[in-house]
Amino acid sequence: TEYFNFDSLNIPPTHPARDMQDTYWLSNNDLLRTHTSPSETRSMQKYGAPLKICTPGRCFRNEDTDACHETTFFQIEGMVVDENIFINNVIYVMKGMLEEVFQTKVDVRLRPGFFPFVEPGFELDCSCLICGGKGCPTCKNTGWLELCPCGMTHPKVLEEGKVDRSKYTGFAFGLGLTRLAMMKYKIDDIRILNSGDLRFLNEFNNY
């Protein structure tokens, strides 16, 4: 619903993500989920705090496709709400998770980023494992691949989740599973994953 996808996440009515350019709206005024973040409010309302969740799911956005953007993709939402949660918890969890997935040391960086549901908010980038940080079409020749927005849960989102913001803080991230697979298996074009090309799928018989 519009409430869980936007309103409960402190996304104002004037935010461009609500426009037809980005969101697939349905005739009954519901929509195809644009991110997995609605699970945050749903989980807080259902389970309260303290809380730790990890929720994967499919997302849809009406946007132009290229080597690292697709109209349908998979994300995984992570959230921790508890007492004494800080930014260093975000960095520790994200770096540890990526190194487990890739089975190698990874370089990560945080860039300031604005997302209405976190404050402060960051973009977490990972050094491109396809080109080794030298620059390629997948990372837009920057040497870095944007993997996930993250940050400290906005107090208004805690309120919508019926959580006591004077007692609890939290962090959240939305990790693109499709991009994660691209990096792990050195796939240079995200569109291949939805192509249904059996020649491509056969490459994974050894995994």
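Structure first, text after, so check above.
Residues numbered from 1 in each chain as written. Predicted model: local features only at pLDDT ≥ 70, side-chain atom pairs only at ≥ 80, totals over all residues. Heavy atoms only, no water.

(A) Spatial organisation of the overall build of the chain. Scanning the chain for helices and strands turns up six helices and six strands. Each helix (α) and strand (β) of the chain, taken in turn from the N terminus, gives the series α-α-β-β-α-β-β-β-α-β-α-α. Principal axes of the C-alpha set define a box for the chain whose edges measure 50 × 45 × 30 Å. When the 207 residues of the chain are sorted by exposure, 43% land in the buried category. Long-range contacts, defined here as pairs at least 24 residues apart, represent 62% of the contacts in the chain between residues at least 6 apart. Accessible area for the chain stands at about 11100 Å²; split by element, carbon and sulfur atoms hold 52% of it. Of the side-chain charges in the chain, 22 are positive and 27 negative, and the distance between the mean point of each set is 4 Å. (Helix = DSSP H or I, 4+ residues; strand = E, 2+ residues; numbered from the N terminus. Buried < 20%, exposed > 50% of the residue type's maximum accessible area, 1.4 Å probe, protein only. Contact = heavy atoms within 4.5 Å. Areas by Shrake-Rupley, 256 points an atom, 1.4 Å probe, with all protein chains shown as cover. Lys, Arg positive; Asp, Glu negative; His and termini not counted. Charge placed at Lys NZ, Arg CZ, Asp CG, Glu CD.)

(B) Here's a closer look at the environment of D197. With respect to the helices and strands, the residue D197 is situated in the loop between α5 (177-185) and α6 (198-201). Separated by 125 residues in the primary sequence, D197 and T72 place their C-alpha atoms 17 Å from one another.

(C) How the structure looks around the packing of helix α3 (residues 87-102) against α5. Between α3 and α5, the shortest axis-to-axis distance is 10 Å and the interhelical angle comes to 50 degrees. As summarised for this structure, α3 and α5 are arranged oblique, according to the angle between their axes. On the side of α3, the interface is formed by L98, V101 and F102, while α5 contributes L180, M183 and K184. Of the residues assigned to the contact of α3 with α5, the class counts are five nonpolar, no polar and one charged. (Axes fitted to C-alpha atoms, helices over the stretch in contact; angles between N-to-C directions. Parallel < 35°, antiparallel > 145°, perpendicular 65-115°, else oblique. Nonpolar A, V, L, I, M, F, W, Y, C, P; charged D, E, K, R; others polar.)

(D) Molecular detail of unusual backbone geometry. The amide bond that connects A49 to the next residue, P50, takes the cis arrangement and shows omega of 5 degrees. Along the chain, the position of P50 falls in the loop between α2 (38-47) and β1 (51-60). In this model, E119 is joined to P120 through a cis peptide bond whose omega is 0 degrees. Considering the arrangement of structural elements, one finds P120 in strand β4 (residues 118-127). With a phi angle near 60 degrees, N84 is a residue other than glycine that sits in the positive phi range. Its identity as a non-glycine residue notwithstanding, N141 has a phi of 60 degrees, on the positive side. The class of N141 is exposed, set by a relative accessible area of 56%.

(E) Region of the structure containing the pattern of salt bridges. A complete count under the given rule lists 10 salt bridges for this structure. When the shortest N-O distance is used, the salt bridge between E99 and K95 registers 3.1 Å. You can see E99 and its partner K95 sitting in helix α3, four residues apart, about one turn around the helix. Since its relative accessible area comes to 17%, E99 is described here as buried. Because the salt bridges share partners, they merge into one network encompassing R109, R111, D125 and E146. (Salt bridge = Lys/Arg side-chain N within 4 Å of Asp/Glu carboxyl O.)

(F) Structural context of the nonpolar core. Ranked by internal contacts, the top residues of the largest apolar core, which has 25 residues, are L98, F102, L147, F171, F173 and L175. Secondary structure elements with two or more residues in this core: β2 (72-82), α3, β4, β5 (144-153), β6 (169-176) and α5. No other element matches β5, which puts five residues into this core. Core analysis: the next-biggest nonpolar cluster, separate from the first, contains 17 residues, L9, L31, I53 and F115 among them. (Core = buried A, V, L, I, M, F, W, Y, C linked by side-chain atoms within 4.5 Å.)

(G) Focus on the packing of aromatic side chains. Tallied over the full model, the rule gives three aromatic pairs. In this arrangement the basic side chain of R42 is found over the ring face of F4, its NZ or CZ atom lying 4.0 Å from the centre. (Phe/Tyr/Trp six-rings, centres within 6.5 Å; stacked < 30°, edge-to-face > 60°. Lys NZ or Arg CZ within 6 Å of the ring centre and 35° of its normal.)

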